[in-house]
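So you can see what is in the structure, the chains are spelled out below.
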Amino acid sequence: MKLKLLALCLGGCLGLQAADWPQFRGPNGNGFSDETSVPTDLHVARNLAWKTDLPGAGLSSPIIIGDRVFVTCSGGLKQQRLYVICFNAADGKKIWERQFWATGRTMCHEKTSVAAPTPASDGRHVVAIFSSGDAVCLDLDGNLLWFRGLGRDYPNASNSLGLSSSLVVADGVVVAQVENESESFTAGLDVLTGTNRWKLDRPKDANWTSPVLLKNSPYSLVVIQCSKGVIAVEPATGKTVWEYAEGGSSVPSSTPSGGVLYVPSRGLTALQPGIGGEKPKQLWQANQLRPGTPSPVVVGEKIFALNDGGVLTCGETATGKRLWQLRLKGPFSATPVAAGVFLYCVSEKGVAQVVDTSKPEGEVVSELELGETILSTPSISSGAIYFRSNSRLWKIRKS
Amino acid sequence: MSNRKNDSLLVKLSLGILSVVLSFASASANPPPEIAEPLKMIRAVGPEGRGNREASAAWKKLSESKAAMLLPILEAMDGANDYALNWLRAAFDAIASRELSSGAKLPLPELGKFLLDTRHNPRARRLAFELIGRVDPSTTDKLLVGMLNDPSLEIRLDAVQKAIDQAGQSLAASNNVGATLLFQQALSAARDARQIDDIANKLKDLGQPVDLPKHFGFLTEWKVIGPFDNTGNKGFETAFPPEQKIDFAAEYDGKTGKVRWQDYVSQHKYGMVDMNQPCGKLKEVTAYATMDFTSDRAQPVELRLGGKNSWKVWLNGKLLFSRDEYHANAEIDQYPMPAQLQAGRNTILVKVCQNHQVEKWTNEWEFQLRITDALGTPIVSAVQAGAEEARGAANNSPRNN
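The rules behind each value
- Residues numbered from 1 in each chain as written.
- Chains lettered and ligands numbered in written order.
- Predicted model: local features only at pLDDT ≥ 70, side-chain atom pairs only at ≥ 80, totals over all residues.
- Helix = DSSP H or I, 4+ residues; strand = E, 2+ residues; numbered from the N terminus.
- Buried ≥ 20, exposed ≤ 12 C-beta atoms within 10 Å, placed from the backbone.
- Contact = placed C-beta atoms within 7 Å.
- Domains from an automatic or database assignment.
- Pairing = 2+ DSSP bridges.
- Axes fitted to C-alpha atoms, helices over the stretch in contact; angles between N-to-C directions.
- Parallel < 35°, antiparallel > 145°, perpendicular 65-115°, else oblique.
- Left-handed = near helix turned anticlockwise from the far one by under 90°.
- Nonpolar A, V, L, I, M, F, W, Y, C, P; charged D, E, K, R; others polar.
- Core = buried A, V, L, I, M, F, W, Y, C linked by C-beta atoms within 7 Å.
- pLDDT = per-residue confidence, 0-100.

**Concerning the overall build of chain B**
So, step 1. When you go through chain B residue by residue, the secondary structure sums to 15 helices and 12 strands.
So, step 2. A total of 401 residues make up chain B; the buried ones form 40% of that total.
So, step 3. Within chain B, contacts between residues at least 6 apart in sequence are counted, and of these 71% link residues at least 24 apart.

Spelled out as structure tokens, the structure:
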């Protein structure tokens, strides 16, 4: 009972609840939800709670805090209009909307958009960043707490194809990866003021990966990945605690699960960080598990790598051994998310496919045609799954 | 809203503009006392989060204001930096949304007057335009007709689009002469590269091709020299002789032998200066291009560069900006650089680098450059303008009739 009270108190202090989906790939940054009431038989007539129009494009995922859904978009002349919108999770009605003007470059590849990075929340603040380097922090009611123009402050911090690294918030710091070929850095911004708590020079390489939080250390560490490998830093100070320098992908991000970090490096590499912050031990390296644009996902004792064409490869988390492959209807950009034993994969053509990973060779048990291009990773909260396209947001839940 | 009401608003807007013009300076300088301090706090924000903490408290207070404060917030945008503009617009949006949903009366005539006074901040005027449009879209639609040359690029974009649509309707009605005139009017006002391309394609179909390099004002006549070495991309930071002194008579050791300055004229549709042409298709190389631009007066301008290669630009020996990125993406006006032209001759020097990549999509070794005002209106060298004027006079002389 005391433990429960302590957990509730901590949860309240931290501001996050169990059902919240506060960042890219959910509360643990790995796309997995332990919710059991997410629908597995997707059907618009039965499962659509609501859908709503969005005022602009975006690849960012919705994040959900309590009964509110937050989405970012970009639109207007040269996508210089940046949106942060709050919807009521119950009925999809807009609660508030804030718009900003980009202060940095908005040029990006036609397939992506300025609203590519997913915002993040500590339960009290919603922090959004855009490809232009503009970052805003609002409270849950839309009150503006701070604004930063990282692309204005650091004029060569941009990528002409667009930036897409999502944010994480830990220990009162927002970690923003602004890594590119020119003025490349990762910064820790004070969540209360937006000022730099630290700023690390980073390799001059195009990089679209997102930071992830490792929670199994005595204190949290943020893992920052690039083509050289990964580093783990203290969120409060930016101090590098350990480094893995055997290379890494610049597109799919690492996946933390069960105390192990699965890094898209030479296929996939499983690293087990020491609990005292020691350099991680390499558990295995699997060339046959090679994610494309989507990041890997762990479901129980299985790890999944989805390539851009739609081949889903299942491997063993313990050894990296390949178990089976399943062809889905591709192509894919969005990272799958998982609830229980089910994997939710949405193709660029807007076909959501539910894979039952408990079947011996995996099996697609349901499909839902959303009818629009979708490059955004879905989100899960309170038994519902959210999809977003460049013009719409859907909430799908059990009938 | 009825047409009568629309007309009424338009009349009010027209009558009100004079009084706004007269009160322009004092309105911005003297905001209502209840929001003077929050506005001051917000206008003090700056780079790297400077002033954010104070601005946050000020924003909360400001955003709780009534509709009457919408205009002073817009006025506070005059002269505000880009960080402050975002704080102010967020407060404006918050108040406007709340007041609209509560059914409160908005100060539409005052917002309209603000909109029509083009000396105000263009983005603030766009906010006024959008808020009026939320209440009375037919009026803003009518206003667009007279806003083709508006200093707000967003308003101008909409006005040009309206003109394009009207030209399209003439075209659909087989009124080619009318369509041509309307497209030409839209082209003259357009500053957005996509709209310009769209209009140029339509005019080409109508037998009126547009000289795009001239229309955009790309600088096409250069002297170029290269290749110099850029192995390992180190040439980007290496100051080769043209960075020390521009001497057209000089000869230097280049990467593949002796190099000297040569004339280059771009024939590219979008004014690309393609270094593969004078230097050969090489990798890990760098080259320079220079030209003199004559300005009839000292004036603030923007040098606007587009390209996929790493580059540096100097104006009269001063480095304006440099960019170390290869083969990501390119577009017209990708990098606008504010600069000050001096009266008379201005020397522009561009360094453009090629890296080691061998994929087909990495063949480009080029840049495009133009000089414009802050809106993107091309500024032509006085020498070029004089030559064109002389050509025009010669063509119009009785001898040639």
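The rest of the description comes next.
**Here's the deal with the domain arrangement of chain A**
Residues and elements named next belong to chain A.
So, step 1. Domain boundaries assigned for chain A yield domain 1 (1-30 + 60-165) and domain 2 (34-54 + 289-399).
So, step 2. Look at where the C-alpha atoms of domain 1 and domain 2 centre, and you get two points 22 Å apart.
So, step 3. When contributions to the side of domain 1 that touches domain 2 are tallied by element, the ones reaching two or more residues are strand 3 (63-65) and strand 4 (68-75).
So, step 4. The biggest single contributor to the side of domain 1 that touches domain 2 is strand 4, with three residues.

**Describing the sheet that holds strand 24 (residues 302-306) of chain A**
All names here are of chain A.
So, step 1. On the basis of which strands lie adjacent, the open sheet formed by four strands has the order 23-24-25-26 and antiparallel pairing. Strands with a single pairing partner mark the edges of an open sheet, and in this sheet they are strand 23 (297-299) and strand 26 (322-327). Taken over all neighbouring pairs, the strand axes of this sheet differ in orientation by 25 degrees on average, direction set aside.
So, step 2. By the bridge criterion, five bridges tie strand 24 to strand 25 (residues 311-316) in an arrangement that is antiparallel. For F304, the partnering residue across the bridge sits in strand 25 and is C314.

**Digging into the packing of helix 3 (residues 52-63) of chain B against helix 5 (residues 82-102) of chain B**
Residues and elements named next belong to chain B.
So, step 1. Two numbers describe how helix 3 lies on helix 5: the axes approach to 9 Å, and their chain directions differ by 30 degrees. One element, helix 3, and the other, helix 5, form an angle in the roughly parallel class. Relative to helix 5, the crossing made by helix 3 is right-handed. Note on element contacts: helix 5 touches helix 3 through W87, A91, A94 and I95, opposite A55, W59, L62 and S63.
So, step 2. In terms of residue class, the contact of helix 3 with helix 5 is made up of seven nonpolar, one polar and no charged.

**Focus on the nonpolar core**
All names here are of chain B.
So, step 1. Residues I42, W87 and L88 are the most contacted members of the largest nonpolar core, which totals 176 residues.
So, step 2. When residues of this core are assigned to their parent elements, the largest contribution, 11 residues, is made by helix 5.
So, step 3. If sequence neighbours within four positions are ignored, I42 has contacts with A55, A58, W59, L62, A84, W87 and L88.
So, step 4. L219, V259, F293 and Y335 belong to the second largest nonpolar core, which has 37 residues in total.

**So, the interface of chain A and chain B**
So, step 1. Each partner contributes to the interface: chain A provides 30 residues, whereas chain B provides 31 residues.
So, step 2. Going through the elements one at a time, strand 6 (94-101), strand 10 (144-149) and helix 3 (150-153) of chain A are the ones with two or more residues in the side of chain A that touches chain B.
So, step 3. Looking at side-chain class alone, the side of chain A that touches chain B contains 10 nonpolar, 15 polar and five charged residues.

**Details of unusual backbone geometry**
So, step 1. A cis amide bond, omega -5 degrees, links G330 of chain A with the succeeding residue P331 of chain A.
So, step 2. The topology assignment puts P331 of chain A in the loop between strand 26 and strand 27 (337-339).
So, step 3. Going from G226 of chain B to P227 of chain B, the amide bond is cis rather than trans, its omega being 5 degrees.
So, step 4. With respect to the helices and strands, the residue P227 of chain B is situated in strand 1 (residues 221-229).
So, step 5. Backbone geometry at K78 of chain A places phi at a positive 50 degrees, although glycine is not the residue there.
So, step 6. Positionally, K78 of chain A belongs in the loop between strand 4 and strand 5 (81-88).
So, step 7. Even without being a glycine, N316 of chain B presents a positive backbone phi close to 50 degrees.
So, step 8. Within the secondary structure, N316 of chain B is located in the loop between strand 8 (310-315) and strand 9 (318-323).

**Here we look at the sheet that holds strand 9 (residues 134-139) of chain A**
Residues and elements named next belong to chain A.
So, step 1. With antiparallel pairing, four strands are arranged side by side in an open sheet as 7-8-9-10. Strand pairing shows two members of the sheet lacking a second neighbour, strand 7 (120-121) and strand 10, which therefore form its edges.
So, step 2. The sheet contact formed by strand 7 and strand 8 (residues 125-129) spans two bridges and is antiparallel. From the neighbouring strand, S121 faces strand 8, where its bridge partner is V126.

**Focus on the pairing of strand 12 (residues 173-178) of chain A**
All names here are of chain A.
So, step 1. Along strand 12, six of the six residues are buried, which leaves the element largely enclosed by surrounding structure.
So, step 2. Burial along strand 12 is two-sided: the face carrying V173, V175 and Q177 and the face carrying V174, A176 and V178 are both buried.
So, step 3. Where strand 11 (residues 168-170) folds back on strand 12, the antiparallel hairpin that results is connected by two residues, among which D171 adopts a positive phi of roughly 50 degrees.
So, step 4. Bridge count between strand 12 and strand 13 (residues 185-190): six bridges; the pairing is antiparallel. Of the residues in strand 13, the one forming a bridge with A176 is A187.
So, step 5. Between strand 12 and strand 13, which follow one another and run antiparallel, lie six residues.

**A few points about the confidence of the model for chain B**
Residues and elements named next belong to chain B.
So, step 1. Chain-level pLDDT for chain B is 91 on average; 90% of the residues reach the 70-or-more range.
So, step 2. Scored below 50 in pLDDT, residues 1-8 makes six contacts in the model with residues more than four places away or belonging to other chains.
So, step 3. Across residues 10-27, confidence stays below pLDDT 50; counting only partners more than four residues off in sequence or on other chains, it has 21 contacts.

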